[in-house]
Amino acid sequence: MLDRYQFIKQCEAQYQELSSRLPWMDSIRSESRSRLHAVGLPAKNHEYWKYSAPEQYLFSENMPTNSRGKHWRCEDALNIDMQGQLSGDSVCGALPDGLTVERFSDIDRDSSSRGILEQHFNSNLKNLSAQNRYSMGDLNTSMLNDGVLIHVGKGVTVAPLLNMQLDSSGYQRLLVVLEAGSSLTLLEQLPIDEVTGSGLSHLVESSLAPGANLQHSRIQPASTASDYALTSAHLGASAYYNLNLYTLGATNRRHDINFKLVGDDSKVDLNAALYADNSQTSETLVNMEHLGKRTVSQQIIRGIATSRARISINGRIHIHPHAQQTDASLSNKNLLLDNTARINTKPELEIYADQVKCAHGATVGQISEEEIFYLRSRGIDSETARFMIAQGFIRSCLIDAEFKDYLERLFMEAFISWEQ
Amino acid sequence: MLKVENLHVEVAGKIILKGLDLTISAGEVHAIMGPNGSGKSTLSNVLAGKPGYTIIKGSISFDGAAIDELSPEQRARMGIFLAFQYPVEIPGVSNMEFLKAASDSIYKHRALEPESSMDFIKRARQLSALVDLDQGFLKRGVNEGFSGGEKKRNEILQLLMLQPRLAILDETDSGLDIDALKTVSEGINSYKNSDNAVLLITHYQRLLNHIQPDFVHVLADGKIVRSGDHNLATELEAKGYAWLTDTAA
Ligand SMILES: Nc1ncnc2c1ncn2[C@@H]1O[C@H](COP(=O)(O)OP(=O)(O)OP(=O)(O)O)[C@@H](O)[C@H]1O
Ligand SMILES: [Mg+2]
């Protein structure tokens, strides 16, 4: 870990080197850099960083890592690596019509992808970055040397699952653009990087045109590294975004999520299962911004912590003045498996429209004695009972039918290996 | 099989059972009736070994041995089963997984090889049909999202799967529709034999039309105030409890 001064010096050096890469990005990078200078790096005294150790997420190099290749692979999916390459075991030899997956650096100056990139790249983030809360986004942009564009054409439904397997650390970027009426199912798998222990800063920016539909799941395996992720999305009228997060603990892990429901009748479903043990920290901050009329958001967040782990959840619902008939809900249930773990949860509501429905609830509890007694009254000993109930709680948070088995294995492995 | 003598029990600083006597032998069906709050569920919980209940006087023995000090799981393995008045939901733990773990622990206690998964599943399917629960319920989380009546039928399914020696059924008939009451009664009757025993806790004569009790007891204010045969239930249905509790007082 670097101190801030060293970090800034190294970033500057890195930044100078980057200027030869992706020249079209130069002005964007430099804008981000100036904003970063103005707003500053995240610091512990900032309201939204008080549970984090911001220094853990500052690293000055793009380091390759040895992913252990344990990613979930599916024969019926389009398996894609972060080079944007389709791997051999995918359902078909080429991408279906209407779907583009391209590395930024492979995009030609005159191609249509270039236009998309210039229109959408950093467009969500630019609006966020006036806030110090999101300055990690500008850090990512100013340090970025490449990324992947996913584009789905107007009215196109991509049937197979797009399975993105992130296998390197450092500064990574995904830009997802769904044109009007299109739909995509995307799975992102973050690296398993216990080998190198290097850091990851991963940004996913999505733009959903009217009527677009994005099913997006992200699996974050256990890691001894520190990683920061920022997911931001902009929804047009009647667009739908379903984000499912399956997050195991990392030494330090933070995820900022920002949804802008701009178009009328747009809708977001967010489900998150967060598990942490062994002094890990896991922090999830959601900012659900309702701007259009009759927009709907539903958040279901589940946290499980044991053995001095710390999970922090900040769920903010922000209903802007014209967002009449908004329907927003947030349910956050958490389970502490022992009394050394901590879970902090803080729902925040900011409501400026008067005809809205807004419900939120957060609980932190321990395994109920009634449940334990129920199992014991059938002959199961109390340790096994505790274990089964904890497993059950974890399992009930894993909802993606398609890779449920994989998720169960992943979570149970972490849980069981820690329990034993 | 079960012998409860002069039982005094305290819960949360309050004495609930105040000198209760009850003897149940193999092959018998006993019914306990009594006003709300008289201590019926407290008795079932104490028999099952629920933590938080202090026996301040008296004793409980099962098959001749004192069980006051045994854990709930030890009692369950010896063959004491409690069908709960309010079964809890355990999300994510499938009914099947739960039942297998329970059954395995009981087999182990009896020094038997656990039943094979195949045989177990087959038996579970047959018995769930018997209590009119669709097989889907075996895969669902324990009682998770079950209706009130489904939870009660699930208790009977567990009873049939685990084949205990003593079945304590705490208001298993409450909240059941007419058909479900019949199904549940049939389940209980099919369980019953000359080696085991049933303790039915109920508020309604109706259940006792389906399951003929050998003894009916009235529990009031922590004590058995009257015992009789099944005619006592009919009498209670007509007269209520006041005449008994008044004479008891
Ligand atoms: N954990 C507890 N803390 C405080 N009081 C308790 C507790 N458990 C039971 N009681 C009290 O003990 C008394 C007997 O309760 P119990 O549940 O045994 O009644 P019951 O006969 O089963 O009634 P019902 O017919 O309504 O089911 C009640 O007054 C109840 O409030
Ligand atoms: Mg009761």
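Look a little higher up for the structure.
Residues numbered from 1 in each chain as written. Chains lettered and ligands numbered in written order. Predicted model: local features only at pLDDT ≥ 70, side-chain atom pairs only at ≥ 80, totals over all residues. Heavy atoms only, no water.

When helices and strands are counted, chain B shows 10 helices and 12 strands. Computed over C-alpha atoms, the radius of gyration of chain B comes to 18 Å, within 12% of the 18 Å expected from 2.2 N^0.38 for 249 residues, which places it in the range of a compact globule. Each principal axis of the C-alpha distribution contributes one length, and for chain B these read about 55 × 40 × 35 Å. Scored against the burial criterion, the 249 residues of chain B give a buried share of 54%. By sequence separation, contacts in chain B at least 24 residues apart represent 68% of the contacts at least 6 residues apart. Counting only carbon and sulfur atoms, one obtains 50% of the accessible surface of chain B, whose full area is about 10700 Å². (Helix = DSSP H or I, 4+ residues; strand = E, 2+ residues; numbered from the N terminus. Rg over C-alpha atoms; globule rule 2.2 N^0.38 Å. Buried < 20%, exposed > 50% of the residue type's maximum accessible area, 1.4 Å probe, protein only. Contact = heavy atoms within 4.5 Å. Areas by Shrake-Rupley, 256 points an atom, 1.4 Å probe, with all protein chains shown as cover.)

Residues and elements named next belong to chain B. The environment of ligand 1 is made up of 15 residues, and the closest members are Gly37, Lys40, Ser41, Thr42 and His203. In this structure, Gly37 approaches ligand 1 through a main-chain N or O atom, which is 2.8 Å from an oxygen atom. Taking Ser38, its main chain carries an N or O atom lying 3.2 Å from an oxygen atom of ligand 1. Relative to its free-state accessible area of 640 Å², ligand 1 is covered by the protein chains to the extent of 64%. (Near = heavy atom within 4 Å. Polar contact = N/O pair within 3.5 Å; in protein donor to acceptor, adjacent residues only side chain to side chain.)

We now examine the sheet that holds strand 1 (residues 2–11) of chain B. Residue and element names in this part refer to chain B. The strand order 2-1-4-5 describes an open sheet built from four strands, whose pairing is antiparallel. Each of the sheet's edge strands pairs with one partner strand only, and the pair in question is strand 2 (14–24) and strand 5 (65–66). Relative to strand 5, strand 4 (residues 53–62) runs antiparallel, the two sharing two bridges. Directly across from Ser61, in strand 5, lies its bridge partner Ala66. Packed onto the sheet, helix 1 (residues 40–48) meets strand 1, strand 2 and strand 4 and runs at close to 110° relative to strand 1. (Pairing = 2+ DSSP bridges. Axes fitted to C-alpha atoms, helices over the stretch in contact; angles between N-to-C directions.)

Attention now moves to the side chain of B:Ser61. Residues and elements named next belong to chain B. Structurally, Ser61 can be placed in strand 4. What makes Ser61 buried here is its relative accessible area of 18%. Excluding anything up to four places from it in sequence, Ser61 contacts Met1, Leu2, Lys3, Ala66 and Ile67.

Attention shifts here to the coordination of the magnesium ion (ligand 2). Residues and elements named next belong to chain B. Of the protein atoms, only Ser41 (OG) and Gln85 (OE1) coordinate the magnesium ion (ligand 2), at distances of 2.0 to 2.2 Å. In this pair, Ser41 sits in helix 1 while Gln85 sits in the loop between strand 6 (80–83) and strand 7 (90–94), placing the two residues 44 residues apart along the sequence. When its relative accessible area of 23% is taken as the criterion, Ser41 is described as partly exposed. Given a relative accessible area of 16%, Gln85 falls into the buried group. (Donors = N, O, S within 2.8 Å, 3.2 Å for Na, K, Ca; no water.)

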